[in-house]
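# Per-entry structural report
Chain by chain, the residues run as shown.
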Number of protein chains: 2
Amino acid sequence: MTKAKRTIDDLTIWDDAIQMIRKAQKEGVETVWDRLEQQEPHCPFCEKGLTCQKCVMGPCRISEKKPRGVCGADADLTVARSFGRFVAAGAASHSDHGRDLVETLHAIGRGRTTNYKILDEAKLKRIADEIGVESTGKSIKELALAVAESMIQDYGFLHNNLGFLSRVPQKRKDLWNKLGITPRGIDRDIVEMMHRTHMGVDSDAVSLCLHSAKVCLGDGWGGSMIGTELSDIIFGTPTPKMGKVNLGVLKTDQSNILVHGHSPIVSEMLLNAVNDPEIKKEVQATGARGINMAGLCCTGNEVLMRKGIPMAGNHLMTELAIITGAVELILVDYQCIMPSLVQVSDCYHTKFVSTSDKALFTGAEHVEFNYTNAGSQALKVVRMAIENFGRRDQTKVEIPQEPVELMTGFSNEAILSALGGTPDPLIEALKAGQVRGAVGIVGCNNPKLKHDYVHTILARELIKKDILILVTGCATSAMGKAGLMMPAAANQAGEGLKAVCQSLGIPPVLHVGSCVDNARILHLCAVLANTMGVDIADLPVAASAPEWYSEKAAAIGLYAVASGIYTHLGLPPNITGSETVTNLALGGLEDVVGACFAVEPDPFKAAELIDARIRTKRTALGLDA
Amino acid sequence: MTKAKRTIDDLTIWDDAIQMIRKAQKEGVETVWDRLEQQEPHCPFCEKGLTCQKCVMGPCRISEKKPRGVCGADADLTVARSFGRFVAAGAASHSDHGRDLVETLHAIGRGRTTNYKILDEAKLKRIADEIGVESTGKSIKELALAVAESMIQDYGFLHNNLGFLSRVPQKRKDLWNKLGITPRGIDRDIVEMMHRTHMGVDSDAVSLCLHSAKVCLGDGWGGSMIGTELSDIIFGTPTPKMGKVNLGVLKTDQSNILVHGHSPIVSEMLLNAVNDPEIKKEVQATGARGINMAGLCCTGNEVLMRKGIPMAGNHLMTELAIITGAVELILVDYQCIMPSLVQVSDCYHTKFVSTSDKALFTGAEHVEFNYTNAGSQALKVVRMAIENFGRRDQTKVEIPQEPVELMTGFSNEAILSALGGTPDPLIEALKAGQVRGAVGIVGCNNPKLKHDYVHTILARELIKKDILILVTGCATSAMGKAGLMMPAAANQAGEGLKAVCQSLGIPPVLHVGSCVDNARILHLCAVLANTMGVDIADLPVAASAPEWYSEKAAAIGLYAVASGIYTHLGLPPNITGSETVTNLALGGLEDVVGACFAVEPDPFKAAELIDARIRTKRTALGLDA
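Residues numbered from 1 in each chain as written. Chains lettered and ligands numbered in written order. Predicted model: local features only at pLDDT ≥ 70, side-chain atom pairs only at ≥ 80, totals over all residues. Heavy atoms only, no water.

## Side note on the overall build of chain A
The test is simple: Only DSSP runs of H or I reaching four residues or more are called helices, and only runs of E reaching two or more are called strands; each is numbered from the N terminus. Here the radius of gyration uses the C-alpha set of atoms, whereas the globule reference equals 2.2 Å times the residue count to the power 0.38. Note on classification: 1.4 Å probe, protein chains only; a residue is buried when its accessible area is under 20% of the maximum for its type, exposed when over 50%, partly exposed between these limits. The contact definition used throughout considers only heavy atoms, calling two residues in contact when any of these lie within 4.5 Å. Per-residue accessibility takes into account occlusion by the displayed protein chains alone, with areas from the Shrake-Rupley method and a 1.4 Å probe. Here Asp and Glu are counted as negative and Lys and Arg as positive; His is not counted, and neither are the chain ends. Lysine's charge is taken at NZ, arginine's at CZ, aspartate's at CG and glutamate's at CD.
For chain A, the helix and strand inventory stands at 25 helices and 16 strands. A globule of 625 residues ought to have a C-alpha radius of gyration of about 25 Å, and chain A, at 24 Å, matches this closely. Along the first, second and third principal axes, the C-alpha set of chain A runs to 65 × 65 × 50 Å. Every one of the 625 residues in chain A was classed for burial, and the buried ones make up 69%. Expressed as a percentage of contacts within chain A between residues at least 6 apart in sequence, the contacts between residues at least 24 apart total 76%. Carbon together with sulfur atoms contributes 51% to the accessible area of chain A, which is approximately 19,000 Å² in total. Chain A carries 64 positive and 71 negative side-chain charges, and their two centres are separated by 1 Å.

Here it is in C-alpha cells:
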C-alpha cells in the first residue's frame, strides 16, 4: 500500500511554516516530515500494540498465526501492558515536572534559594487550606515548607492520599473508590504500573486498564495540579494580557533567544536575565538592537500566560524556528524537545543549550540550572546569546510575516474574577444555553496530520455551536495564529457565546496554559460540578486532543475520561490490536467511569460528535439541548 | 536463516522435564517451547532494541537506511531509552514487592494485623540501628512502626537518601556521588526514568545509561534489600536446613498445592493453613492422605529457605508441574507467572488462584489476600484444594522420579554464624587461596537456552577452580537437582574449597534465597570489603545470570555492575543495535564503575572469563592468583 507523496501544502496550514519548510529543503536541512516519510509505512505490529520486548524470551509479535507470546500473553494482554507503560511515562513526565516545583518550594521554605520566592502569597494560603495544611501562625516561609512537605507525601505512600482529592466531587470519589482507582501516591502508582507490566504480574487487560486510569488520575489531580498551582505560587497566577504568536515574533536586528520545554523554572530566570540592566548595556555594545526572548511549546505557554512573552510556535514549528537562521540560542529544559533540534541548530549558528540534569542532548552545550545557581546561569546563557549574534549569517535569515495578536492569561482565578468572583454567571449562561458547553482543546502536533488543521477547524466549528473553548499546550499556537484568541473572534461564534464574550470582552477561545495546566480545566470542572451539585460526568463538557503525539497527551486523555469527561482524539494510541482494550476505550469505559474516548481525524465530524455529547448532557440536566 | 528444529533433548537437561514435555505433546498441551518456536525468528529490529513506540509520531524502526526516528532519535538513543525502561520495570518489580513488606511491617506497628507479627526481634533492632532509627525506649511494635516509616521515606524524596547506603563502602559511595548515581529515592528514580525516556527529555545515551545504573542501585540497596530484610524480620531469618527438589516432590496420594510467585506474604500464610489441625482433620475426610505444599520459582525459594518446603522447580518447570496432572491448586502472588499457566491449568482439574490486587489473571479465580484477611483466605484456599482432590483424574497423573535432597537456608547471618560470628575466616580462606573467590549465580531460565545446562556446567566448572557459589532464584533448582547443594558435592570442588566445605559441613553451592535476596550477596560483599578496607570492585568476586529472561534480572545485573561486581550474562539484553550502549556494557563501564558485563552462552567459556576476572582481582590484592 503506497500513499501519494504529500506536497508542502499537505503538511501545514500556515504560511510561516510553508516558507520555512521550503527554506529547509533548499538548504538541505532535514525536518520531522522528512523523517516521517522515511519511517512510513510503520510496522503494523508496533502500530497496533502487538509487539512486546518486555523480556528476552522474546521479542514477540502477536498475530492470528501466533496468538500468544512466549510467556503466553495474548493480544489483549500485550496491548494493555504496553499502553499501561505508555500512559505511565506520560504521568511520570508531568509529575516529575511537578516535583521540580515542589523541590523549589521546599528550597524557598528552607531558605536555601535566593533565586526563587513566593510571588502569590494569597494563593499559597488558599492552596494550603485546600490540601489541609494549617497556615495560622506560620510565616510565608514556614507555610511554603509545610505545603512542600505535604506535597512530597503526595508522591509517596505514607498517607496513601493526595491533597487535591479535596477538590473532587463526592460522587466521583465514591465511584473511584468503588472501582479501586483512587490514586494513592503519584510515584507509587506509576511504579506499581511498571511492576504490573513485568512478565507474569498483572495478566488481565481490564485490570491493567483500570490501573492505567488510576495512574493518570494521580497525574491530573496530583502531579500536574501540583505543577500548575506551585508555578502560580512561585511565579505568579496568570491574569489576562496580550501576546503575540508565529515566527514573526523573531527579530531581524536583535539577538533572539528561544525557550523550549515545559517548566517555568528555567525560563522565568532567563526572563529576569534578559531584563537585567547590565545585560541591556552589554547588548548595546554588539551590533544587536536588543535581546528578544520568545517561547516554543509549553515553556512558551508558561511565559506567555504569566508575562506575555511572545510565542514563536508549537511542536512542529520548533525545527522551523531555527531554520529562520535568526536564532542565536535555544535554551531547553525538558519534554517534547526533538533530539533533531541539535542537528538543525548545527546547520546554522544557533547554540543549543540544555539546562536540566535529567535531559542531556548529545552534541549540545550543557549549562545546568538549579535553585542555587539559576540567576547566574541565566546571565551566562544570555551572554552566550549576545556574543553569538556576531556569528549570525544575515544572508541566511528569513523571518516570515508579522506576528498575530492574542489574549492570554486565563487562569481559573482570572476567569472567576471576570465572572465577578463566582462561577454562577457561567452556570447561568450554561443553563440559559448562551454557552451550551465547554471543551478543552489540548495537546500537541503530529506530522501525520496536517499541522494545526484539525485544531483550528474543530475550534471554529465548536464556537459556532456556542461551545466555549479552553485551550492549552500546542493547540494554543494554532488558535492564536488563527486569530481565535482575540475578543474580535467572538464574531465567529454562535449568537449566545458571542454575546457572552462581548459582554466580558473575552475571546471565545481562552488560553489556560501549558499541558500541566490541563489541571486547571479539571479544577474548573470540579468547581462547576460542586456548585451545581452534580458529578463532573454530568456537565456539558468535553475534551479534545486533535493532533496529539505524546505519552503525556495519552495520560491527559485518560485522566479526563476517568474524571468523567468525554475525550476526542484525532488519532488512536497503539491499542487497536486488542479488541478488548479498544472497545473499552471507545465505549466500555462509559459504563465504568461515565465517559469514554472517540477517535476521529476529521474535525467537522469530531465537532458533531462533541456537540452530540453536549446535547445529551444538557438534556440529562433538564436543559434545552 | 532457518534453525534446525530442536528435539526434546535439546530443550532441557532434566529427565523430569523431558517426561513432562512428552506428556504435554501427547495430551496436546502447549508449552513455552512451542510458543518460542512459533515466535521465531524474532523481529530483528526489536531484538536489537531498534524499535520505538514511545509516541504516535511513530512507531519507528532505526536502520542504516532510516538512521533516525521521526523525533530525530538515533540508534543509540532509541536503545538507551528502551533499556532504561526495561531495567526500570525490573527495579520497580523488586521494589514494589519490598513495599508490600514495608506496608505489612507498618500494619504490625500500628496494630492493624493479627495475621503477621515480628518473628526476628533481634534483627529488627539491628536493622533499625543500621538505617539510623533509634530503638532505645521503643516497644517492638513502636520500633516496627518507626522502621516502616523510615523505609517509606526511602521510596520518596523527602530525605533523598536510602537507609541502607550505610552499608556501602565509602570508596564506592564517593564514586557514586562523583558520577551522580547515588540513588535518592526508590520510586523517585524509577519515575524519573519514565520521565527521561519520554520523547524530548533525556536525549543522550550515556546519560540514560548512568540513570539506569542509579535506578538499579535503588533496587539493590533499596527495594530488594528492604524486601529481604523485612521478610526475615517478619517471617524469620533463614538458618541451614534440608529440603528437596524436582517434580518428585509432588505426591500421588495427597492434595498438592503449588505456591508460585515471589513474596512470602501469601505463601507463609498458606503454610500456616496447611498445618492447621482443623484442616488436617478435614483432609482425612477426603480420599487424600494429606496436603502437600510445594514451591515454584521465588515464592518457592522463600519458603524453602525459611521452612524447608520442597521445591517443585524453576521457571521452565512451572507449566510442567501442572502437566503432571497431580496439582489440585496453584496459588500465585506476582512476577514471572506465565499467563499460559491459566490455560495449562484448564487442561487438567487444577485450580489457578490469584491473590494480589495488582496481579489478576484472565480466567483465574481471585482470592484476595491482605494483612487483615490473609489467615482466613489461606484456609479458604486450602479447602478449595482439598475439595478439588476429588476431581483429579488419576489416569492422567504422572509424577516423575524421586526428589533430590539439598541444603538451604544460608542467610548472611547463617553464613557468619557458621564462620564463628565474623567474616575473618572467610577472608583468611580467600587470602590463603583455599577459596579463590565467590560468584553469585542468579536469575531465571530462558527457553532459548537448554534448560539449566548453563547453570549447572558453570557452577561445576567454577567450584573446580575453588570458587564458592552463592545461588538464588531459579538457578537454585538447577543446582539442587544437580546435587550441588549437598555437602557431598564438596568432592566435586577443587582441593581448597573442598577442604573448607568439609570442615564447615556445607555444600560448595550455598542457597541464599530468592531474587530479591541478591541483596544478601550485595550486603555480604560490602561486609567483606569494609572488613578488608577495600572497595567492592577490589574483591575477587563476580556475578552470573546464565539463563536470565526478565527485566528484574537485567536490573540485578546492572546494580551488581554499578556496585563494582563483574557480571556474566548468558544472553544479551536488546541493546545490540547501539554500539555506544553495547560498548559501554561490555567494557566502557569498567572505567566508570570498575566493573562491566560479559555475554557468553557457553558455560565453559563463561567459567574461564570469570576465573580470569578473579585472577586479576586476586593479583591486584597481592594474593596468589
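## Thoughts on the nonpolar core
The cut-off we apply is this: Here, the term nonpolar core denotes a set of buried Ala, Val, Leu, Ile, Met, Phe, Trp, Tyr and Cys residues that are joined through side-chain atoms within 4.5 Å.
With 455 residues, the main nonpolar core has Trp221(A), Trp548(A), Trp221(B) and Trp548(B) as its most contacted residues. Here Trp548(A) is in contact with Phe86(A), Cys444(A), Asn446(A), Ala553(A), Ala554(A), Leu569(A), Gly570(A), Leu571(A), Pro572(A), Pro573(A) and Val56(B), once residues within four sequence places are set aside.

## Focus on the sheet that holds strand 13 (residues 509-513) of chain A
All names here are of chain A. Cut-off, in case you're wondering: Pairing between two strands requires that DSSP report at least two bridges joining them. Helix axes use the C-alpha atoms of the stretch in contact, all axes being lines fitted to C-alpha atoms, and the angles between their N-to-C directions lie in the range 0 to 180 degrees.
Read across the sheet, six strands follow the order 13-12-11-14-15-16 without closing on themselves; strand pairing throughout is parallel. Looking along the sheet, the strands with just one partner apiece sit at the ends: strand 13 and strand 16 (597-599). Direction aside, the axes of adjacent strands within the sheet are offset by 25 degrees on average. Looking at chain direction, strand 15 (residues 566-569) and strand 16 are connected through three bridges and run parallel. Pairing of Leu 569 across the sheet is with Val 599, part of strand 16.

## Some points on the side chain of Asp232(A)
Mapped onto the elements of the fold, Asp232(A) is located in helix 10 (residues 205-235). Once residues lying within four places of it in the same chain are set aside, the contact partners of Asp232(A) are Asp120(A), Lys123(A), Thr237(A), Pro238(A), Arg306(A), Glu413(A) and Arg520(A).

## Here's the deal with the packing of helix 10 (residues 205-235) of chain B against helix 22 (residues 518-532) of chain B
The relative placement of two packed helices is expressed as an angle between their axes plus a distance between the axes. All names here are of chain B. For clarity, the cut-off: Roughly parallel here means an angle under 35 degrees, roughly antiparallel means over 145, roughly perpendicular means 65 to 115, and every remaining angle is called oblique. Polar here means any residue other than Ala, Val, Leu, Ile, Met, Phe, Trp, Tyr, Cys and Pro, which are nonpolar, and Asp, Glu, Lys and Arg, which are charged; Gly is therefore polar.
For the pair helix 10 and helix 22, the least separation of the axes is 8 Å and the interaxial angle reads 100 degrees. Considering their axes alone, helix 10 and helix 22 lie roughly perpendicular with respect to each other. Contacts between helix 10 and helix 22 pair Gly 220, Trp 221, Ser 224, Met 225, Thr 228, Glu 229 and Asp 232 from the former with Ala 519, Arg 520, Leu 522, His 523 and Ala 526 from the latter. Looking at the contact of helix 10 with helix 22, its residues break down into five nonpolar, four polar and three charged.

## Some details on the domain arrangement of chain A
As a measure of interface size, the accessible area lost when the parts come together is often cited. All names here are of chain A. Heads up, the rule is: For every domain, the bounds stem from an assignment made automatically or drawn from a database. Each of two parts loses accessible area, computed with a 1.4 Å probe, when they are put together; buried area is these two losses added.
Parsing chain A into structural domains produces domain 1 (8-61), domain 2 (75-235), domain 3 (247-396) and domain 4 (407-620). Placing the centre of domain 1 and that of domain 4 at their C-alpha centroids yields a distance of 28 Å. Between domain 1 and domain 4, the residue contacts involve 17 residues of the former and 15 residues of the latter. Roughly 1,200 Å² of surface becomes buried between domain 1 and domain 4 when both sides are summed, with 61% attributable to carbon and sulfur atoms. It is Ile 13, Trp 14 and Lys 48 that lose the most area in domain 1 upon contact with domain 4, and together they represent 42% of the buried surface on that side.

## Some points on helix 3 (residues 32-39) of chain B
For an α-helix the count is 3.6 residues per turn, leaving residues at separations of three or four pointing the same way. We count it as follows: In this description, the arc belongs to the directions extending from the helix axis to the C-beta atoms.
By the burial criterion, the buried members of helix 3 of chain B are Val32(B), Trp33(B), Arg35(B), Leu36(B) and Gln39(B). Along the axis of helix 3 of chain B, the buried positions cluster into a sector of 160 degrees, meaning they face one direction only. Buried residues belonging to helix 3 of chain B abut strand 2 (60-61) of chain A together with helix 1 (8-11), helix 2 (15-27), helix 14 (318-323) and helix 15 (340-346) of chain B.

## Points about the interface of chain B and chain A
We apply this condition: A pairing counts as a salt bridge when a side-chain nitrogen of Lys or Arg comes within 4 Å of a carboxyl oxygen of Asp or Glu. Whenever a nitrogen or oxygen atom comes within 3.5 Å of another N or O atom, the pair is scored as a polar contact, on the condition that within protein one atom can donate a hydrogen and the other can accept it, and that pairs from neighbouring residues in sequence are kept only if both atoms are in side chains.
With 95 residues of chain B in contact, the opposing surface of chain A contributes 95 residues. Taken together, the two surfaces of chain B and chain A that pack against each other cover about 8,000 Å², and 58% of this comes from carbon and sulfur. Counting the surface chain B buries against chain A, the share from its top three residues, Gln39(B), Val56(B) and Phe157(B), is 10%. At the junction of chain B with chain A, the criterion picks out four salt bridges. Across the pair Arg188(A) and Glu103(B) runs a salt bridge whose closest N-O atoms are separated by 3.1 Å. If you look at where chain B meets chain A, you find 52 residue pairs in polar contact (both at pLDDT 80 or more). When grouped by side-chain class, the residues that make up the side of chain B that touches chain A number 44 nonpolar, 27 polar and 24 charged.

## Re the relation of the copies chain B and chain A
Defined as follows: The copies are overlaid by a least-squares fit using only the C-alpha atoms of residues whose pLDDT is at least 70 in both copies.
Superposing chain B onto chain A takes a rotation of 180 degrees plus a shift of 0.0 Å along the axis, which leaves an RMSD of 0.0 Å. Expressed as a symmetry operation, the mapping of one chain copy onto the other fits a two-fold axis.

## Description of the pairing of strand 15 (residues 566-569) of chain B
Residue and element names in this part refer to chain B. Put simply, the test is: If you view a crossover with the strands going away from you and the path from the first strand over the helix to the second runs clockwise, you call it right-handed.
A two-sided burial pattern is seen for strand 15, the buried positions comprising Tyr 566 and His 568 on one face and Thr 567 and Leu 569 on the other. As paired elements, strand 14 (residues 541-545) and strand 15 share four bridges and run parallel to each other. Among the inter-strand pairings, Ala 545 is bridged to a residue of strand 15, identified as Leu 569. You can see the chain leave strand 14, run along helix 23 (residues 551-562) and come back into strand 15, and the turn it takes is right-handed.

## Topic: the sheet that holds strand 12 (residues 467-472) of chain B
Residue and element names in this part refer to chain B. In spatial order, the strands read 13-12-11-14-15-16; together these six strands make up an open sheet with parallel pairing. Each having just a single partner strand, strand 13 (509-513) and strand 16 (597-599) make up the two edges of the open sheet. Going across the sheet, the axis of each strand differs from the next one's by a mean of 25 degrees, ignoring polarity. Strands strand 11 (437-441), strand 12, strand 14, strand 15 and strand 16 of the sheet are contacted by helix 25 (residues 603-620), whose axis makes an angle of about 180 degrees with strand 15.

## As for the environment of Ile330(A)
Residues and elements named next belong to chain A. Looking at the secondary structure, you find Ile 330 in strand 7 (residues 327-332). Since its relative accessible area comes to 0%, Ile 330 is described here as buried. Each C-alpha atom, one on Ile 330 and one on Val 342, is 9.6 Å from the other, the two residues being twelve residues apart in sequence. Each residue touching Ile 330, except ones within four places of it in the same chain, is listed here: Leu 258, His 260, Leu 296, Ile 322, Leu 341, Ser 345, Thr 350, Lys 351, Phe 352 and Val 353.

## Here we look at the environment of Val87(A)
Residue and element names in this part refer to chain A. With respect to the helices, strands and loops of the structure, Val 87 is situated in helix 5 (residues 75-109). Residue Val 87 is classed as buried on the basis of its relative accessible area, which comes to 0%. Sequence spacing of Val 87 and Ile 556 is 469 residues, and the spatial spacing of their C-alpha atoms is 8.6 Å. Setting aside chain neighbours within four positions, we find Val 87 in contact with Ser 212, Cys 216, Glu 551, Ala 554, Ala 555 and Leu 558.

## Considerations on the packing of helix 11 (residues 264-274) of chain A against helix 13 (residues 297-307) of chain A
Residues and elements named next belong to chain A. What counts here: Helix crossings are classified by the rotation of the near helix relative to the far one: an anticlockwise turn of less than a right angle makes the crossing left-handed, while a clockwise turn makes it right-handed.
Running from N to C, helix 11 and helix 13 cross one another at 55 degrees; their axes reach a closest spacing of 9 Å. With respect to helix 13, the axis of helix 11 lies oblique. Helix 11 and helix 13 meet at a crossing whose hand is right-handed. On helix 13, the residues touching Pro 264, Ser 267, Glu 268 and Leu 271 of helix 11 are Thr 299, Glu 302, Val 303, Arg 306 and Lys 307. Class assignment of the residues belonging to the contact of helix 11 with helix 13 gives a composition of three nonpolar, two polar and four charged.

## Comments concerning the environment of His568(B)
Residue and element names in this part refer to chain B. Relative to the helices and strands, His 568 resides in strand 15. By relative accessible area, His 568 is classed as buried at 1%. When the C-alpha positions of His 568 and Leu 50 are compared, they lie 23 Å apart, and in sequence the two are 518 residues distant. Side-chain polar atoms of His 568 contact the side chain of Ser 544, separated by 2.7 Å. A polar contact is formed between the side chain of His 568 and the backbone oxygen of Glu 600, at a distance of 2.7 Å.

## Some thoughts on the pairing of strand 11 of chain B
Side-chain positions along a regular strand alternate between the two faces of the sheet. All names here are of chain B. Counting buried positions over the five residues of strand 11 gives five, a clear majority of the element. Going residue by residue along strand 11, you find Gly 437, Val 439 and Ile 441 tucked away on one face and Ala 438 and Gly 440 tucked away on the opposite face as well. The pairing of strand 11 with strand 12 spans five bridges and is parallel. Among the inter-strand pairings, Gly 440 is bridged to a residue of strand 12, identified as Leu 470. Following the chain from strand 11 across helix 19 (residues 453-464) to the adjacent parallel strand 12, one finds a crossover that is right-handed.

## Comments concerning the pattern of salt bridges
Residue and element names in this part refer to chain A. A full pass over the atoms with the stated rule returns 76 salt bridges over all chains. With a shortest N-O distance of 2.8 Å, Asp 535 and Arg 172 are connected by a salt bridge. Of this pair, Asp 535 sits in the loop between helix 22 (518-532) and strand 14 (541-545) while Arg 172 sits in helix 8 (residues 170-179); the two residues are 363 residues apart in sequence, bridging distant segments of the chain. Arg 172 carries the same exposure label as Asp 535, and that label is buried. Taken together, the shared-partner salt bridges connect Lys 123, Arg 126, Glu 130, Arg 167, Glu 229, Asp 232, Glu 302, Arg 306, Glu 413, Asp 517 and Arg 520 into one network.

## Focus: unusual backbone geometry
The omega torsion of the bond from Glu40(A) to Pro41(A) falls at -5 degrees, within 30 degrees of zero and hence cis. Position of Pro41(A) relative to the elements: it lies in the loop between helix 3 (32-39) and helix 4 (44-47). Look at the link from Gly58(B) to Pro59(B): it is a cis peptide, with omega at 10 degrees. Assignment of secondary structure puts Pro59(B) in the loop between strand 1 (51-52) and strand 2 (60-61). Even without being a glycine, Asp466(B) presents a positive backbone phi close to 60 degrees. Position of Asp466(B) relative to the elements: it lies in the loop between helix 19 and strand 12.

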